[in-house]
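If you want the building blocks of each chain, they are given just below.
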Amino acid sequence: KRVALVLAGCGVFDGSEIHEASAALVHLSRGGAEVKIFAPNIEQRDVVDHLKGSPTGEKRNVLVESARLARGNIQDLAELKVSEFNAVIFPGGFGVAKNLCSWAVDGKNCTINEHVNSTLQAFHSAKKPIGLCCISPVLAAKVFPGCEVTVGQDKNVDGRFPDAETASAIAELGCKHVCKDVSESHVDKANKIVTTCAFMCKAPLHEIFDGIGTMIEEVLKLA
Ligand SMILES: *[C@@H]1O[C@H](CO)[C@@H](O)[C@H](O)[C@H]1NC(C)=O
Ligand SMILES: *[C@@H]1O[C@H](CO)[C@@H](O)[C@H](O)[C@H]1NC(C)=O
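Residues numbered from 1 in each chain as written. Chains lettered and ligands numbered in written order. Predicted model: local features only at pLDDT ≥ 70, side-chain atom pairs only at ≥ 80, totals over all residues. Heavy atoms only, no water.

Per an unreviewed UniProt entry, the protein chain is named GAL3A protein, and its organism is Apteryx owenii.

Now the structure itself:
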């Protein structure tokens, strides 16, 4: 199975969440998938000093930063040809909400990067599965009103889901939010959209890793 993986930079606060990107790649490798990595060739919304947790004022490019995670083997998202792939995966991280769309500032009123939108539309129209984790399901919620996704729980159960209000924003977009734990994925069979909450849940890293594994497994089954 040939799978495209779309990155949003490198680092949880301004790019792709590194552990999620890596988990997705490990599970794709175990599943025997042939993977190509893409990212939009655009400037990052901001650059965050991950030690201090504050913006640095620097300018960086999403494709160049994502190339770190891809070990240099990456292409401009504008060049992705859906006909060459069976599925697409979007790991999470704030970069998704800052660079692939404007969710971090605009919430449900966000705009979506044109290449991200056209990629999602193209896989969806070709009935090829789309896998998303963490905050990335908001991309599907924005582009495919009426779809079903999970970002974990819609209440901050035991303090494990501090961003539970994301679930209400998804419902306000006309989508169905399905509550799932970190170890589970939700499969929207009609839309072939597979989602799991990953770091939206304050869970041990191995549980997040395994949850992403269930998402990849379901995507490969549908591919
Ligand atoms: C979205 O837009 C509506 C209408 O303009 C506005 O009332 C609302 O505050 C906006 N929401 C966010 C999260 O920006
Ligand atoms: C995605 O692209 C389609 C087709 O160009 C457009 O109609 C739609 O409004 C776009 N969606 C978003 C969320 O930008």
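Asker: Could you clarify how one ought to interpret the sheet that holds strand 1 (residues 2-6) in this entry?
Answerer: Backbone hydrogen bonds are what pair the strands of a sheet, in a parallel or an antiparallel way. Pairing is mixed in the open sheet, where 7 strands are placed in the order 5-2-1-6-7-11-10. Edge strands, defined here as strands with exactly one partner in the open sheet, are strand 5 (75-76) and strand 10 (186-188). Where strand 2 (residues 34-39) and strand 5 come together, 2 bridges link them in parallel fashion. Following the sheet pairing, Ala 39 is matched in strand 5 by Asp 76. Sitting on the sheet, helix 8 (residues 205-222) touches strand 1, strand 6 (87-90), strand 7 (130-133), strand 10 and strand 11 (193-196), and the angle it makes with strand 11 is about 175°. (Pairing = 2+ DSSP bridges. Helix = DSSP H or I, 4+ residues; strand = E, 2+ residues; numbered from the N terminus. Contact = heavy atoms within 4.5 Å. Axes fitted to C-alpha atoms, helices over the stretch in contact; angles between N-to-C directions.)

Asker: Would you mind going over the state of the cysteines with me for this structure?
Answerer: Each disulfide is one covalent bond, formed between the sulfur atoms of two cysteines. Evaluation of the coordinates by the stated rule reveals 0 disulfides. Cys 197 provides the cysteine sulfur closest to Cys 179, a residue in no disulfide bond, and the two sulfurs are 10 Å apart. (Disulfide = S-S within 2.5 Å.)

Asker: What exactly am I supposed to notice about the site of ligand 2 here?
Answerer: Around ligand 2, the neighbouring residues are Ile 112, Asn 117, Gln 121 and Lys 142. Residue Asn 117 places a side-chain N or O atom 2.3 Å away from an oxygen atom belonging to ligand 2. Alone, ligand 2 offers 360 Å² of accessible surface; in the complex the protein occludes 39% of this. Per-class residue counts for the shell around ligand 2 are 1 nonpolar, 2 polar and 1 charged. (Near = heavy atom within 4 Å. Polar contact = N/O pair within 3.5 Å; in protein donor to acceptor, adjacent residues only side chain to side chain. Areas by Shrake-Rupley, 256 points an atom, 1.4 Å probe, with all protein chains shown as cover. Nonpolar A, V, L, I, M, F, W, Y, C, P; charged D, E, K, R; others polar.)

Asker: I tried to follow helix 8 on my own but got confused; where do I start?
Answerer: Think of an α-helix as 3.6 residues a turn; residues three or four steps apart then line up on the same face. The end-to-end C-alpha distance of helix 8 is 26 Å, a good match for the 26 Å that 18 residues give at a rise of 1.5 Å each. By the burial criterion, the buried members of helix 8 are Ile 208, Gly 211, Ile 212, Gly 213, Met 215, Ile 216, Val 219 and Leu 220. Buried residues along helix 8 sit against strand 1, helix 1 (18-30), strand 6, strand 7 and strand 11. (Expected span 1.5 Å × (residues − 1). Buried < 20%, exposed > 50% of the residue type's maximum accessible area, 1.4 Å probe, protein only.)

Asker: Explanation requested: the pattern of salt bridges in the structure shown.
Answerer: Side-chain pairing between opposite charges can occur once the charged atoms of the two side chains come close. According to the stated counting rule, one finds 10 salt bridges in the structure shown. In this structure, Lys 98 engages Asp 46 in a salt bridge whose closest nitrogen and oxygen atoms are separated by 3.1 Å. Of this pair, Lys 98 sits in helix 3 (residues 94-100) while Asp 46 is found in the loop between strand 2 and strand 3 (48-49), placing the two residues 52 residues apart along the sequence. With relative accessibility at 19%, the residue Asp 46 sits in the buried group. (Salt bridge = Lys/Arg side-chain N within 4 Å of Asp/Glu carboxyl O.)

Asker: Is there a simple way to think about the pairing of strand 2 in this case?
Answerer: Along any regular strand the residues' side chains alternate between the sheet's two faces. Looking at chain direction, strand 1 and strand 2 are connected through 5 bridges and run parallel. In the sheet register, Leu 5 faces strand 2, and the bridge partner there is Ile 37. Taken together, strand 1, helix 1 and strand 2 constitute a β-α-β crossover, and its handedness is right-handed. (Right-handed = clockwise from strand over helix to strand, strands pointing away.)

Asker: Help me out: how do you make sense of the packing of aromatic side chains in this one?
Answerer: The geometry of an aromatic ring pair comes down to the distance between the two centres and the angle between the two planes. According to the stated counting rule, one finds 2 aromatic pairs in the structure shown. Between Phe 13 and Phe 94 the ring centres are 5.9 Å apart and the planes differ by 40°, which places this aromatic pair in the tilted class. Remark: Phe 94 occurs in helix 3 and Phe 13 occurs in the loop between strand 1 and helix 1; sequence separation between them is 81 residues. Looking at Phe 13, the relative accessible area reads 36%, which means it is partly exposed. (Phe/Tyr/Trp six-rings, centres within 6.5 Å; stacked < 30°, edge-to-face > 60°.)

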